[in-house]
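Understanding the architecture of this molecule
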Amino acid sequence: MMTFHHGFIPFIFLAQLITLQHVLGGRVPAIIVFGDSSVDTGNNNVIATVLKSNFRPYGRDFDGGRPTGRFSNGRVPADFISEFFGLEKTVPAYLDPMYDISKFSTGVCFASAGTGYDNSTAAVLSVIPLWKEVEYYKEYQARLREYLGEREANHILSEALYLISIGTNDFLENYYLPTGARSSQFTIEQYQDFLVGIARKFIVQIYNLGARKMSLGGLPPMGCLPLERTTNIIGGNACISKYNNVAKQFNSKLEVLVNQLNRDLPGVKVLFSNPYGILLRMIRRPSLYGFEETSRGCCATGRFEMSYLCNEFSPFTCTDATKFVFWDSFHPTEKANFIIGKHVFERSLGPKFL
């Protein structure tokens, strides 16, 4: 059984990382993040949207117990991956006024909770669309070059690892919404292909801006998110197999895309980082990881609450989040995020880029 101490990487794993870095030398000078709430570290705090998490009990296990805008009780996978590469323990949000360009030279996050590949997904909750994340990235490039000089900034931009984690909202908060227009325009397979086309254009765009090392994240078993299980009354609140199958199909298409990009773009290294299997194992065999509850989140009843419905006045919030896979009805706990980040790092990112 794994023991977890929030805020710290287990000692043996940390010692292995330090040894590897000493032998090989650090090859990733910065972590640059695009995506949705799975990796948003606080950008939604400063935009006009109802989808926020900069209040308690979010962040209660973060350093100092501070809510940061991360949709968890603590850190998200991008934070852990940054630390695994010997960089900062957290990746700052680009729009957070607490930080300036001096803090962004080793990591920066442009992600926005609620967004998707599809612009219409971002419009559902008035969050930052993916194209706008790229515009912020361009602005960041200019600021970094002004701060560090052309040569050093270009080195960081070309050697940085770009983490991309996005796509779940396109299905659950757009295509499958009763009011969603996309389901009348596309079959599910056509919509998957539509999103893959956007993913390709996005990666080519940041490649043309200098990105060379990228991790394209897949979808989780989204039919097992507590919010979706709550709606599956007829199915006894079990995971919704239709949604899980869509996630697996979409992930297969992303893997094909990654192979094509590595073939078509000179000098690029794109990896497919798949969280599906590790999260499903936590849900199906929780005792292996020290979990006790997988069907609901820690916050409030854990069945439908997230964002403002998960607040410090919720009477049913658990006292020990390390026993839960999910923090709210949609997002993993810090402990689960650590396991996901460690899995992705050990299986793909570390061997390729460390």
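Above this text is the structure in question.
Here we summarise the structure given alongside this text.

Rules of the game
- Counting from 1, residues in each chain are numbered in the order their sequence is written.
- In view of the model being predicted, local features appear only for residues whose pLDDT reaches at least 70, and side-chain atom pairs are presented and counted only at 80 or more, with totals across whole chains, interfaces and linings using the full set of residues.
- Hydrogens and waters are ignored; side-chain quantities use all the structure's heavy atoms.
- Here a strand is any run of E in DSSP of at least two residues, a helix any run of H or I of at least four, and the numbering for each starts at the N terminus.
- C-alpha atoms define the radius of gyration, and 2.2 Å times the number of residues to the power 0.38 defines the globule rule.
- Partly exposed describes any residue whose relative accessible area lies between the buried limit of under 20% and the exposed limit of over 50%, with all areas from a 1.4 Å probe on protein chains only and scaled to the type maximum.
- When checking whether two residues touch, look at their non-hydrogen atoms; a contact exists if any pair is within 4.5 Å.
- Here the accessible surface of atoms and residues is derived via Shrake-Rupley with a 1.4 Å probe, and residues count as covered only by protein chains that are part of the display.
- Positive charges come from Lys and Arg, negative ones from Asp and Glu, while His and the chain ends are left out of the count.
- The atoms used to mark charge sites are NZ of Lys, CZ of Arg, CG of Asp and CD of Glu.
- Salt bridge criterion: a side-chain nitrogen from Lys or Arg within 4 Å of a carboxyl oxygen from Asp or Glu.
- Pairing between strands is defined by DSSP: at least two bridges between them are needed.
- Crossover handedness is defined here as right-handed if the route from the first strand over the helix to the second strand goes clockwise, with the strands pointing away from the viewer.
- To obtain each axis, a line is fitted to C-alpha atoms, and for helices this fit is confined to the stretch in contact; angles are then taken between N-to-C directions over 0 to 180 degrees.
- For a helix, the expected span equals 1.5 Å multiplied by the residue count minus one.
- Directions from the helix axis toward the C-beta atoms define the arc.
- By definition in this entry, angles of less than 35 degrees are roughly parallel, angles greater than 145 are roughly antiparallel, angles of 65 to 115 are roughly perpendicular, and the rest are oblique.
- In this scheme the crossing of two helices becomes right-handed for a clockwise turn of the near helix relative to the far one and left-handed for an anticlockwise turn of less than a right angle.
- When residues are sorted by character, Ala, Val, Leu, Ile, Met, Phe, Trp, Tyr, Cys and Pro go into the nonpolar class, Asp, Glu, Lys and Arg into the charged class, and all the rest, Gly among them, into the polar class.

With that out of the way, let us pick up the overall build of the chain. Looking only at helices and strands, the chain features 12 helices and 7 strands. Over its C-alpha atoms the chain spans a radius of gyration of 19 Å, differing by no more than 12% from the 20 Å that the globule rule assigns to 354 residues. Residues classed as buried in the chain amount to 58% of the 354 residues present. Considering only contacts in the chain between residues 6 or more positions apart, those separated by 24 or more positions represent 72%. Carbon together with sulfur atoms contributes 55% to the accessible area of the chain, which is approximately 14800 Å² in total. The positive charge centre, built from 35 side chains, and the negative charge centre, built from 32, are 5 Å apart in the chain.

The next thing to look at is the side chain of N44. Secondary-structure assignment places N44 in the loop between β1 (31-35) and α2 (77-84). Assessed through its relative accessible area of 1%, N44 is described here as buried. Each residue touching N44, except ones within four places of it in the same chain, is listed here: T49, L51, K52, S112, A113 and V127.

A few words on the pattern of salt bridges. Tallying each qualifying case throughout the model produces 14 salt bridges. Its salt-bridge partner being E159, residue K213 comes within 2.8 Å of it at the nearest N-O pair. Taken together, the residues K213 in strand β4 (residues 213-217) and E159 in helix α5 (residues 150-159) connect sequence positions 54 residues apart. Using a relative accessible area of 28% as the deciding quantity, one classes E159 as partly exposed. Between D264 and R263 there is a salt bridge, with its nearest N and O atoms 2.9 Å apart. Since its relative accessible area comes to 34%, D264 is described here as partly exposed.

Okay, the pairing of β1 next. Consecutive side chains of a regular strand alternate in pointing toward one face of the sheet and then the other. Burial within β1 is extensive, with 5 of its 5 residues counted as buried. Side chains I31, V33 and G35 of β1 all project onto a buried face; the interleaved residues I32 and F34 project onto the opposite face, where all are buried too. Of the strand pairs in this sheet, β1 and strand β2 (residues 107-109) are connected by 3 bridges, and their pairing is parallel. Its bridge partner being in β2, I32 is matched across the sheet by V108. The handedness of the β1 to β2 crossover, carried by α2, is right-handed. Relative to strand β3 (residues 161-165), β1 is paired through 5 bridges, and the arrangement is parallel. Bridged to I31 within β3 is L161.

Let's shift gears to the sheet that holds strand β5 (residues 269-273). Strand order in the open sheet made by the 5 strands is β2-β1-β3-β4-β5, with parallel pairing throughout. Every interior strand has two partners, whereas the edge strands, β2 and β5, have only one. Going across the sheet, the axis of each strand differs from the next one's by a mean of 15°, ignoring polarity. Together, β4 and β5 form the strand contacts of helix α10 (residues 241-264), whose direction differs from that of β5 by roughly 170°.

With that settled, the discussion passes to helix α4 (residues 130-148). In this model α4 runs 27 Å from its N-terminal to its C-terminal C-alpha over 19 residues, within 8% of the 27 Å that 1.5 Å per residue would give. Along α4, the positions that sit buried rather than exposed are L130, E133, V134, Y136, Y137, Y140, Q141 and L144. Viewed along the axis of α4, the buried residues span an arc of 155°, placing them on a single side of the element. Residues of α4 that are buried make contact with β1, β2, α5, β3 and α8 (188-208). Downstream of α4 by a residue or two, G149 has a phi angle that is positive, lying close to 95°.

Moving on: the packing of helix α6 (residues 168-175) against α8. Packing of α6 against α8 brings their axes to within 11 Å, and their N-to-C directions diverge by 135°. Put simply, α6 runs oblique to α8. Relative to α8, the crossing made by α6 is right-handed. Across the interface between the two elements, D170, F171, N174 and Y175 from α6 touch I188, Y191, Q192 and L195 from α8. When grouped by side-chain class, the residues that make up the contact of α6 with α8 number 5 nonpolar, 2 polar and 1 charged.

Remember that the coordinates give geometry; whether it matters functionally is a separate question.
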